[in-house]
Amino acid sequence: MKTALIACGALAREVLALKEKHGWEAEVLGVPSLLHNTPDLIPPAVRQRIREARASYDRVIVVYGDCGTSGALDDMLAAEGVDRIAGPHCYEIYANGQFERIMAEDLGTFFLTDYLVGSFDHLVIENLGIDRFPGLREDYFHNYNRVVYLAQRDDPELKARAQWAADCLQLPLEIRQTGYGGLESRLLELMDSVNGLNGFSG
C-alpha cells in the first residue's frame, strides 16, 4: 500500500529519515513551516495536499500537530477521513510524555528542535524583526527564563548553534537528547495499521 505522508516542513527531514530507517513504501509531501505564523491557513493547505495526493496514493497520513489551529485541523481531517499523528505540537511529540513535566519545571520555557536550531536566524531573528529592531527581543522574550533544546541528532554543530540561539535571547540553555521521540513511535503505529490493512486485503 503506497502511502503519502503529508508533513509539516518543520518535521519533513525527520519523517524522511524515519521512512528510510523503516523502509516504508511512502513519499513525504511537505507543507510550508511558515504557516505556523498564520495557523488558520494550515487546514486549507493540508486539505489541498490531501486532495492532490489521493490521485496517486492508496492512503494519506498527516504528520502535523494541531499547531495553533484550535481544533480546525482535526475537524478538516475528520471530514476528509484522514489520520494524523497524535499530539498538539512538535515539542510535545518529540518530548513524548515528558512535555508537561518540562513545562511544570518552568512555564517560561522556549523550545528548540533540530529544525528550529538550523533555521533560528531566519525564523526568529529575521522573521520577528529582531535583526532590524533589537529592542523587540525584550518585548518578545521577557517572560521566558530558559531555552530547552529537544535534540533529535547528537550533533556538535547543532549544539553550538543552539547555544548561539540561546545567547541571542540572553537565556540559559538546556539540552535534552530526545531523538525522534513520539514522532517515531506514533508514526510507526499509524504505518503498522497501514501494513495490517494491506495484509488483510491481500
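Thresholds applied
- Residues numbered from 1 in each chain as written.
- Predicted model: local features only at pLDDT ≥ 70, side-chain atom pairs only at ≥ 80, totals over all residues.
- Heavy atoms only, no water.
- Buried < 20%, exposed > 50% of the residue type's maximum accessible area, 1.4 Å probe, protein only.
- Helix = DSSP H or I, 4+ residues; strand = E, 2+ residues; numbered from the N terminus.
- Arc of directions from axis to C-beta.
- pLDDT = per-residue confidence, 0-100.
- Contact = heavy atoms within 4.5 Å.
- Core = buried A, V, L, I, M, F, W, Y, C linked by side-chain atoms within 4.5 Å.
- Phe/Tyr/Trp six-rings, centres within 6.5 Å; stacked < 30°, edge-to-face > 60°.

Trainee: How should helix α1 (residues 12–22) be read in this particular structure?
Mentor: One turn of an α-helix holds 3.6 residues; hence residues three or four places apart share an orientation. What α1 keeps buried is the set Ala 12, Glu 14, Val 15, Leu 18 and Lys 19. When α1 is viewed along its axis, its buried side chains cluster within an angular range of 160° and face the same direction. With respect to the buried face of α1, the exposed residues turned more than 90 degrees away are Arg 13, Glu 20 and Lys 21. Taken from the residues just after α1, Gly 23 is the one with a positive phi, measuring 65°.

Trainee: Would you mind going over the confidence of the model for the chain with me for this structure?
Mentor: Interpretation of this model should avoid reading the predicted coordinates in detail wherever pLDDT is low. Considering every residue of the chain, the mean pLDDT works out to 93; 96% of them sit at 70 or more. Overall, residues 197–202 carries pLDDT values under 50, and its contacts beyond four positions in sequence, including any with other chains, amount to two contacts.

Trainee: Mind showing me how you'd approach the nonpolar core here?
Mentor: Generally speaking, a soluble globular protein has its nonpolar side chains buried in company with each other. With 46 residues, the main nonpolar core has Leu 5, Val 46, Val 63 and Leu 187 as its most contacted residues. Filtering out sequence-adjacent residues up to four positions away, Leu 187 remains in contact with Leu 5, Val 15, Leu 18, Trp 24, Ile 61, Val 63, Ile 85 and Gly 182. Of all hydrophobic cores here, the second largest spans 19 residues; its members include Val 117, Ile 125, Phe 141 and Ala 151.

Trainee: Got a minute to help me understand the packing of aromatic side chains in this structure?
Mentor: Two aromatic rings are characterised by how far apart their centres lie and by the angle between their planes. Per the stated rule, a full pass over the model turns up seven aromatic pairs. Ring centres of Phe 110 and Phe 141 lie 5.3 Å apart, and the angle between their planes is 85°; this geometry places the pair in the edge-to-face category. Note that Phe 110 is positioned in strand β5 (residues 109–112) and Phe 141 in helix α7 (residues 136–141), a separation of 31 residues in sequence. According to the relative accessible area criterion, Phe 141 is buried, its value standing at 4%. Clustering of aromatic rings is evident, with ring pairs tying together Phe 110, Tyr 140, Phe 141 and Tyr 144.

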